[in-house]
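Per-entry structural report
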Amino acid sequence: MNATSHLHTTTPLAAGECLHLPVDAGTVLVATRGALRIEEAPRWLAERWVPVRRWLDEGQSYRVEQAGWLRVHALGDAQLGHVPAQSLVARLLDRLLHRRGGSRPAVC
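Residues numbered from 1 in each chain as written. Predicted model: local features only at pLDDT ≥ 70, side-chain atom pairs only at ≥ 80, totals over all residues. Heavy atoms only, no water.

Regarding the sheet that holds strand 8 (residues 78–83)
One open sheet accounts for four strands, arranged 1-8-3-6; its pairing is antiparallel. Whereas interior strands pair on both sides, the edge strands pair on one side only; in this sheet they are strand 1 (9–13) and strand 6 (61–63). Strand-to-strand twist in this sheet, taken as the mean axis angle between neighbours without regard to direction, amounts to 20°. For strand 3 (residues 28–33) and strand 8, the ladder comprises five bridges, and the chain directions are antiparallel. Bridge pairing in strand 8 places arginine 33 opposite glutamine 79. (Pairing = 2+ DSSP bridges. Helix = DSSP H or I, 4+ residues; strand = E, 2+ residues; numbered from the N terminus. Axes fitted to C-alpha atoms, helices over the stretch in contact; angles between N-to-C directions.)

So, the confidence of the model for the protein
Averaged over all residues, the pLDDT of the protein equals 82, while 78% of them reach at least 70. Every residue in residues 1–5 is under pLDDT 50, and counting partners more than four places away or in other chains gives two contacts. This model gives residues 104–108 a pLDDT under 50, and the stretch forms 18 contacts once residues within four places in sequence are excluded. (pLDDT = per-residue confidence, 0-100. Contact = heavy atoms within 4.5 Å.)

Remarks on the packing of aromatic side chains
If you walk through the whole model with that rule in mind, you get one aromatic pair. Plain terms: the ring middles of tryptophan 44 and tryptophan 49 are 5.2 Å apart, the flat faces sit at 70° to each other, and that makes the pair edge-to-face. Here tryptophan 44 falls in the exposed class, since its relative accessible area comes to 53%. The class for tryptophan 49 is exposed, based on a relative accessible area of 57%. (Phe/Tyr/Trp six-rings, centres within 6.5 Å; stacked < 30°, edge-to-face > 60°. Buried < 20%, exposed > 50% of the residue type's maximum accessible area, 1.4 Å probe, protein only.)

Comments concerning the pairing of strand 4 (residues 36–45)
Two faces, one strand: in a regular strand the side chains alternate between the faces of the sheet. Judged from the eight bridges that link them, strand 4 and strand 5 (residues 48–56) form a sheet pairing that is antiparallel. Within strand 5, the position partnered with tryptophan 44 by the bridge is tryptophan 49. Joining the antiparallel neighbours strand 4 and strand 5 is a turn of two residues, in which alanine 46 adopts a positive phi near 55°. Note: strand 4 against strand 7 (residues 68–74), four bridges, orientation antiparallel. The residue bridging arginine 37 from the neighbouring strand is histidine 73, located in strand 7.

As structure tokens, this is what we get:
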């Protein structure tokens, strides 16, 4: 049994396709196939709006820090795995990410 068998939802995306997705804080997103770019709502930092972006290669995951809408862009044919914040699997994946020193969103 692999980790992707526990994902709540998987969504295939064609190359260049963009998905707008409402998420709760703590939701875990996984690139189960291909590469994805995730864009969250911009954050206010030092009197400026700063975009929040994250790139995921196949097999990488990301825990969403703030509830809201985000955009997922497929950089090629890809598949997005989505584990809601309240699920046991999301909490376990979050602990695993934290233990491994899981990455934070890149700010451009």
